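# Observations on chain architecture
Chain residues, written in single-letter form:
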Amino acid sequence: MINFHYKEYDKTLSNSEYLKEKKILQIELLKLQESVIKNKQKVAVIFEGRDAAGKGATIKRFVEHLIPKKTRIVELGIPTDYQNKNWFRVYEKLLPQKGEIVFFDRSYYSRALIQPTMNYCTKKQYKYFLNKVNDWELNQIDKGLKIIKFYLSIKKQNQSLRFKLRGNSQLKYWKLSENDLVVSAKWDLFTFYKEKMFEKTSKNYSPWIIINGNNKKIARLNAMRYVLSSLKYENKIKLKSPKWSKEIKKYNISISGVKFDNLTKEQFDILYNINSNL
């Protein structure tokens, strides 16, 4: 298991800094994709995490400028009875073909997380999955598949704040469902299954990459940085260290065009937390 830049960020990230960094990384991602196509490689990028952790939004920024014909997003949704009974077979058909990058907004690892939490699978199916997934995954890697497994980690209070922001938004209210609230109420049970998943399925050949998702924008950039750092491709540049991990001594922040200066650390933390979840 790898904690990639997993810490509380001391420096706020302005929107202009975010857009500048995102453009640099997206140019590199396109280079990576062209190399994947040219060399007929297969790349699967998995995103797991709690509801409102930012999985879909992060994938959206990954694919924003990639070549659509060689990019796929897989979001299975509620599985059918057939899919539940043929879990590995279903996902094997969804894996990338040669020259393709596939992003999974939740994946076959739902069988280790949300499904047992919500009783969507039987105990037998859950145990079978944990006993078989490592060998299945290694078999895919031996066939040439490159797998990157992200877990976006957020605090409970940040999830609650994002739910409230969604519920009060005229454009995003539909993202909040009754089921989200039910799963959130089972926070500790989900945590139990998450830790068990890490223990059983994070291997040297396929580790879990833990991304601090409490700041959406920084999480997106860190996920992009990890993918670019872990895969070889032509004309690759050396990325500079991220500026947002540096300590700051003066606390200032801008939210929706309004600038707040000379803040105390406590005031900054409150405004920073709100801004990070917008």
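Attention in this report is confined to the structure presented alongside it. (Residues numbered from 1 in each chain as written. Predicted model: local features only at pLDDT ≥ 70, side-chain atom pairs only at ≥ 80, totals over all residues. Heavy atoms only, no water.)

### What to know about the nonpolar core
In terms of nonpolar packing, the biggest core is built from 33 residues, with F47, F62, F103, F150 and V227 touching the most fellow members. The element contributing the most residues to this core is helix α10 (residues 216-230), with 8 residues. Not counting the four nearest positions on each side in its chain, F47 is found in contact with K55, T58, I59, F62, F103, F104, D105, R106, F150, L152 and A223. In terms of nonpolar packing, the next biggest core, distinct from the first, is built from 31 residues, A44, Y108, W136 and L145 among them. (Core = buried A, V, L, I, M, F, W, Y, C linked by side-chain atoms within 4.5 Å. Buried < 20%, exposed > 50% of the residue type's maximum accessible area, 1.4 Å probe, protein only. Helix = DSSP H or I, 4+ residues; strand = E, 2+ residues; numbered from the N terminus. Contact = heavy atoms within 4.5 Å.)

### Side note on the packing of aromatic side chains
On inspection of all chains with the given rule, the structure shows 18 aromatic pairs. Aromatic pair F62 and F103: ring centres 5.3 Å apart, planes at 50°, arrangement tilted. Of this pair, F62 sits in helix α2 (residues 55-63) while F103 is found in strand β4 (residues 100-105), placing the two residues 41 residues apart along the sequence. The same class applies to F62 and to F103, which are both buried. On the basis of an interplanar angle of 75° and a centroid distance of 5.8 Å, the ring pair of Y91 and Y108 is categorised as edge-to-face. With Y91 in helix α4 (residues 87-94) and Y108 in the loop between β4 and α5 (114-117), this residue pair connects regions lying 17 residues apart in the sequence. The buried category is assigned to Y91, whose relative accessible area is 2%. Through successive ring pairs, a cluster of aromatic residues spans W87, F88, Y91, F104, Y108, Y109, Y128, F129, W136, Y151, F198 and W208. A cation sits over an aromatic face here: R50 above W187, 3.5 Å from the ring centre. R111 extends its terminal NZ or CZ atom over the ring of W87, reaching a point 4.3 Å from the ring centre. (Phe/Tyr/Trp six-rings, centres within 6.5 Å; stacked < 30°, edge-to-face > 60°. Lys NZ or Arg CZ within 6 Å of the ring centre and 35° of its normal.)

### Here we look at the side chain of R50
Its location among the elements puts R50 in the loop between β2 (42-49) and α2. In contact with R50, not counting residues within four places along its chain, are K55, R106, Y151, L152, Q159, W187, F190, T191 and K194.

### Points about the sheet that holds β4
Pairing between the strands of a sheet comes from backbone hydrogen bonds, and it takes one of two forms, parallel or antiparallel. Within the open sheet, the 6 strands sit side by side as β1-β6-β5-β2-β4-β3. Their pairing is parallel. Where the open sheet ends on each side, the last strands, each with one partner, are β1 (2-4) and β3 (71-74). Pairs of neighbouring strands in the sheet enclose a mean axial angle of 25°, with direction left out of account. In this structure, β2 lies alongside β4, joined through 6 bridges in parallel fashion. Bridge pairing in β4 places K42 opposite E100. Against the sheet, α10 touches β1, β2, β5 (145-153) and β6 (208-212), its axis set at about 155° to β5. (Pairing = 2+ DSSP bridges. Axes fitted to C-alpha atoms, helices over the stretch in contact; angles between N-to-C directions.)

### Quick notes on the packing of helix α6 (residues 123-142) against helix α9 (residues 187-201)
When two helices pack together, their arrangement is given by the angle between their axes and by how far apart the axes lie. Running from amino to carboxyl end, α6 crosses α9 at an angle of 30°, the nearest separation of the two axes being 10 Å. In terms of their interaxial angle, α6 and α9 are classed as roughly parallel. α9 is crossed by α6, and the crossing has right-handed handedness. Here α6 contributes Y126, L130, V133 and N134 to the contact with α9, which in turn contributes Y193, K196, K200 and T201. When the residues that make up the contact of α6 with α9 are grouped by side-chain class, the tally is 4 nonpolar, 2 polar and 2 charged. (Parallel < 35°, antiparallel > 145°, perpendicular 65-115°, else oblique. Left-handed = near helix turned anticlockwise from the far one by under 90°. Nonpolar A, V, L, I, M, F, W, Y, C, P; charged D, E, K, R; others polar.)

### Here's the deal with the environment of F163
As for its position among the elements, F163 is in helix α7 (residues 156-167). When the C-alpha positions of F163 and S177 are compared, they lie 9.3 Å apart, and in sequence the two are 14 residues distant. For F163, the contacting residues outside a window of four places in its chain are D51, A52, L176, D180, L181 and S184.

### Some remarks on the packing of α2 against α10
Axis separation between α2 and α10 bottoms out at 9 Å; the angle between their running directions is 55°. Comparing their axes, α10 and α2 come out oblique. You can see that α2 and α10 cross each other, and the crossing is right-handed. On the side of α2, the interface is formed by A57, T58, R61 and F62, while α10 contributes R220, A223, M224 and V227. Split into classes, the residues belonging to the contact of α2 with α10 amount to 5 nonpolar, 1 polar and 2 charged.

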